[in-house]
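# Coordinate inspection notes
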Amino acid sequence: MNGLWFIRSPRLRWLIAALVLSATLVVFVFPMVVAVLWSLVDPAVGWFPPHIVPASLSLANWQALFAVPELSQAFVTSFIVAVLVTLLSLALGFPTSYALARRDLKHRRLIELLVLLPLTLPSVVLATGLGSIFIRLGLAQTLLGVVLAQCIVVMPFTIRILTATLSGVPQDLIDAARNLGAAPISVARCVLLPMVLPGLFAGALLAFVGSLEEFLLSFVVGMPKIETLPMLLWAYLGGRSSIQTYAAVVSLVLLIPTLAMLFVAERVLKQEHLAAGFGKG
Amino acid sequence: MASFDFIVATPRPHAEELDRGTRARRQRRRKLLIDLALLVPGAGFLLLAMILPLGQLILASFGLFGLGAAGHFTLDNYIAVAGNVLFTSAFRFSLQIAVATTLLSLVVATATAAVLQLDFPGRRLVGALYKIPLVVPSLIAAFLVLTMVGPGGMVARVLQPYGIRWPSLLHDPSGAGIIVVLLWHNVPITILIVSAVAAAIPRPVIDAARTLGAGPVRVFTRVIVPLCSPGISAAALLVFIDAFGTYAIPSLIGPAFPRALSVTMTSEFLLHARWGTASALGVAMILMTGMVLALYHALQARSRLLSGAVA
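Residues numbered from 1 in each chain as written. Chains lettered and ligands numbered in written order. Predicted model: local features only at pLDDT ≥ 70, side-chain atom pairs only at ≥ 80, totals over all residues.

### A look at the overall build of chain B
This is how the line gets drawn: A run of H or I in DSSP counts as a helix once it spans at least four residues, and a run of E counts as a strand once it spans at least two, with each numbered from the N terminus. Only C-alpha atoms enter the radius of gyration, while the globule expectation follows 2.2 Å times N to the 0.38, with N the number of residues. Field definition: a residue is buried when 20 or more other C-beta atoms are found within 10 Å of its C-beta, exposed when 12 or fewer are, and partly exposed for counts in between, with C-beta atoms placed from the backbone. Residue pairs qualify as contacts under a 7 Å threshold applied to their C-beta atoms, which are placed from the backbone.
Of the regular secondary structure elements, chain B holds 14 helices and 0 strands. Counting from the amino terminus, chain B carries its helices and strands in the arrangement α-α-α-α-α-α-α-α-α-α-α-α-α-α. Compactness check: chain B gives a C-alpha radius of gyration of 29 Å against a globular reference of 19 Å for 311 residues, more than 25% above the reference. Summarising its shape, the C-alpha atoms of chain B cover approximately 115 × 70 × 30 Å along the three principal directions. Of all 311 residues assigned to chain B, the portion counted as buried reaches 41%. Restricting the contact set of chain B to residue pairs at least 6 apart, pairs at least 24 apart contribute 71%.

Right under this line is the structure:
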C-alpha cells in the first residue's frame, strides 16, 4: 500500500511531515538527549527546575562509574555475567538449533513451541518458582545462579537465530564438499562454520545484550550478594534512594551496547538473523 | 571349501530380510539417540527450566513441597489471597493497567501506522526512529519517560513559566504514570506488527472499495482495520502479557496502594518469605494469561475464516 490516496495537496504533505517528525523527535530522541544531560550534571551545582539546561556540566558522574565501589563492582559483574551467558547459551543452544534446522525431527513443531515457552510466561512468575528452587539448590545469591536464570530467557532468542541461520545453509554445498572427499570434520570447519558465522555473531550479540539488560530474574536470584547494573539502576531510580545522575550514567552504559548492536545489525548482518530473534512469539 | 564359501556368501532370503529389519531398527535407534543428544543441552535445559519452577509454584500454592509450607494439601493460600483486599485490589489494578495499556496502544499504534502509510518527506527517518523503544529495557524506558513527564521533568519545566502545573505521574493511584511508560515501551512493537499486516493487504481490495464509493475513512474502518485484525490481536496479546506481568515499572512509580500484582507477589516472598501466597498469586497470573491466550486463539481462528472470504 503505497500511500497518498487521499492526500494530494503538497502543503498538507509538508504539514504532516513536520508534525510527525517533531512528535517522533520529542517522544523518542529528546529523552535520550535529556539522559545525556543528566549524566553530565555537575553534582556540586545540580539541575533544578526551572532550568531547562543544566547550569554547569562535568564528568564527575562518569568518573563515579570507576570511583564508587558499588558502581564499578556492578559494572564488572554485569559484563562477566553477560560473557558467561553468551558462551553458555551458544554452547547449549547450538546443538538444539542444529537438530531443529537440519535434522528430520518427529516433533519439530512441539520442540519449537517449547523453546519459545519462556518468552510467553510472565517473568515474575518464573522468578517466583525459580527463586525458591534456587534457594533449595544453593544457587541463590551465586554467580552461577544468575547466569543460569538469565540463560532461560536469553536462550530462546539465540536458538531462534541459530536455527534460522543453520537452515539457510544449502544442502548442495555440504553434499558437494562430501562428494569431493572432505571428511565430516572438515566440512563442518570449512563449509558450515564460515556460512553460519554471521548468525553465530548475531546470536552472541543478542545474548550479550539480553543478559546485560535482564533485571527481574537476576534481582530475585542474585540479591543482595550479586548486583548487576540493571539492579543498581532500579535502586537509583527510587527502589532504594533516588540518584538521578547515577541513573543516567547506568542507563547510558546499558544503552551503548544495545545501540551498537542495532548499528552493527544494520551494517554487517543480514537483516533476517536479527529479525528472527526480535520477532516474539 | 568352495561349497562352504558359497553358503556363507548367500544366506537364505528369510535371514536377509530379518537382518535388514534389525539393521533399520538399529539405525532408527541410533538416529533417535543422536537427536536426543543434540536436543538435551538446549531444549532439555529449557524444558527443565520451565517444569521445575512451574511445578514448584503450583505445589507450593497448595501448601506442598514449598519453603516453609504446610507439608499437606491445603487451600489456605488461595483462601488467604481471595479474602485479602491487598491481593484482590492488586489483581484488579494489574488488570486495569493491562487493559488500558492494550487498548490505548492499539488506538495510538493503528493511527500512527495509518499515518506512516502516507508518503511524506522524512518518512524513512520516522520509520527508523520510532523503533528505538524496541531495544530499550523497561527500566531505562521508565527513566527516559520520567525525565520528560515526571515531576521536575522537562515538560513540567517548560510549562512552569506559564503558571501551568503539570500533574505528578509518580505514585499516582490511577496508575496513569505506569500506563504512560508502558505505552512508550509497547506502542512501537504494536506499530511494527500492525503495519506489517497492513502492508500485506492486496491493493485491489482497497481499490475495489474505493470504486464502489467508500470514502477514505470508511475504507480505513470497514476494510483495512478488519483485515488487520490478526495482527491487531497478536499485538494486543503481546502488550497485555507484558503490561499484566510488568514488575520494574510499577515497583518504581506505582502507588503505595493499590499495588501491581507482580509487586505484591514479589514482596510476599522477598520481604515476608511467604512463598505459599506468592505462588497462589502466580497461579492466578498464569490462569489470567492463559485465558487471554485462549481468547487470542479463538479470535485468530475467527479472523482466518474472515480473511479466507477475501483472499
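### Section: the domain arrangement of chain B
Residues and elements named next belong to chain B. To be explicit about the condition: An automatic or database domain assignment is the source of the domain bounds shown. The nonpolar class holds Ala, Val, Leu, Ile, Met, Phe, Trp, Tyr, Cys and Pro. Asp, Glu, Lys and Arg form the charged class, and all remaining residues, Gly among them, are polar.
By the assigned domains, chain B splits into domain 1 (12-61) and domain 2 (78-310). Each partner contributes residues to the interface: domain 1 has 4 residues there, and domain 2 has 6 residues. For the side of domain 1 that touches domain 2, a count of residues per class yields 3 nonpolar, 1 polar and no charged.

### Topic: the packing of helix 6 (residues 138-149) of chain B against helix 8 (residues 176-199) of chain B
Residues and elements named next belong to chain B. The criterion, for reference: Only C-alpha atoms enter the line fits that serve as axes; for helices the fit covers just the stretch in contact. Angles between N-to-C directions range over 0 to 180 degrees. A crossing counts as left-handed when the near helix is turned anticlockwise from the far one by less than a right angle, and as right-handed when that turn is clockwise.
Their axes nearest at 9 Å, the elements helix 6 and helix 8 cross at an angle of 120°. When the axes of helix 6 and helix 8 are compared, the crossing they make is right-handed. Contacts between helix 6 and helix 8 involve Ser138, Ala141, Ala142, Val145 and Val149 from the first element and Val180, Val181, Trp184 and His185 from the second. Of the residues contributing to the contact of helix 6 with helix 8, the split by class is 7 nonpolar, 2 polar and no charged.

### Examining the interface of chain A and chain B
Chain A puts 71 residues into the contact, and the matching count from chain B is 75 residues. Elements that contribute at least two residues to the side of chain A that touches chain B include exactly helix 1 (10-39), helix 3 (69-102), helix 4 (108-120), helix 5 (123-137), helix 6 (143-167), helix 10 (229-239) and helix 11 (244-267) of chain A. Tallying contributions element by element places helix 1 of chain A first for the side of chain A that touches chain B, with 15 residues. Residue composition of the side of chain A that touches chain B, by class: 51 nonpolar, 16 polar and 4 charged.

### Section: helix 5 of chain A
All names here are of chain A. Applied cut-off: A helix is expected to span 1.5 Å multiplied by its residue count minus one.
For helix 5, with 15 residues, the first-to-last C-alpha span of 20 Å sits near the 21 Å given by 1.5 Å per residue. For helix 5, a buried count of 12 out of 15 residues is recorded, marking the element as mostly surrounded by other parts of the structure. The set of residues buried in helix 5 consists of Ser123, Val124, Val125, Leu126, Ala127, Thr128, Gly129, Leu130, Gly131, Ser132, Ile133 and Phe134. Trailing helix 5 by a residue or two, Gly138 shows a phi angle of about 75°, which is positive.

### Observations concerning the confidence of the model for chain B
All names here are of chain B. The condition is simple: For every residue, the predictor states its confidence as a pLDDT score lying anywhere from 0 to 100.
When pLDDT is averaged across chain B, the result is 86; 92% of the residues are at 70 or more. Here residues 1-7 is a poorly scored stretch, pLDDT under 50, and it has 0 contacts once near neighbours within four places are set aside; other chains count. Predicted complex, confidence summary: ipTM 0.84, pTM 0.85.

### Description of the environment of Arg189 of chain A
Inspection of the secondary structure assignment puts Arg189 of chain A in helix 8 (residues 184-213). Between the alpha carbons of Arg189 of chain A and Leu229 of chain A there is a distance of 37 Å; along the sequence they are 40 residues apart.

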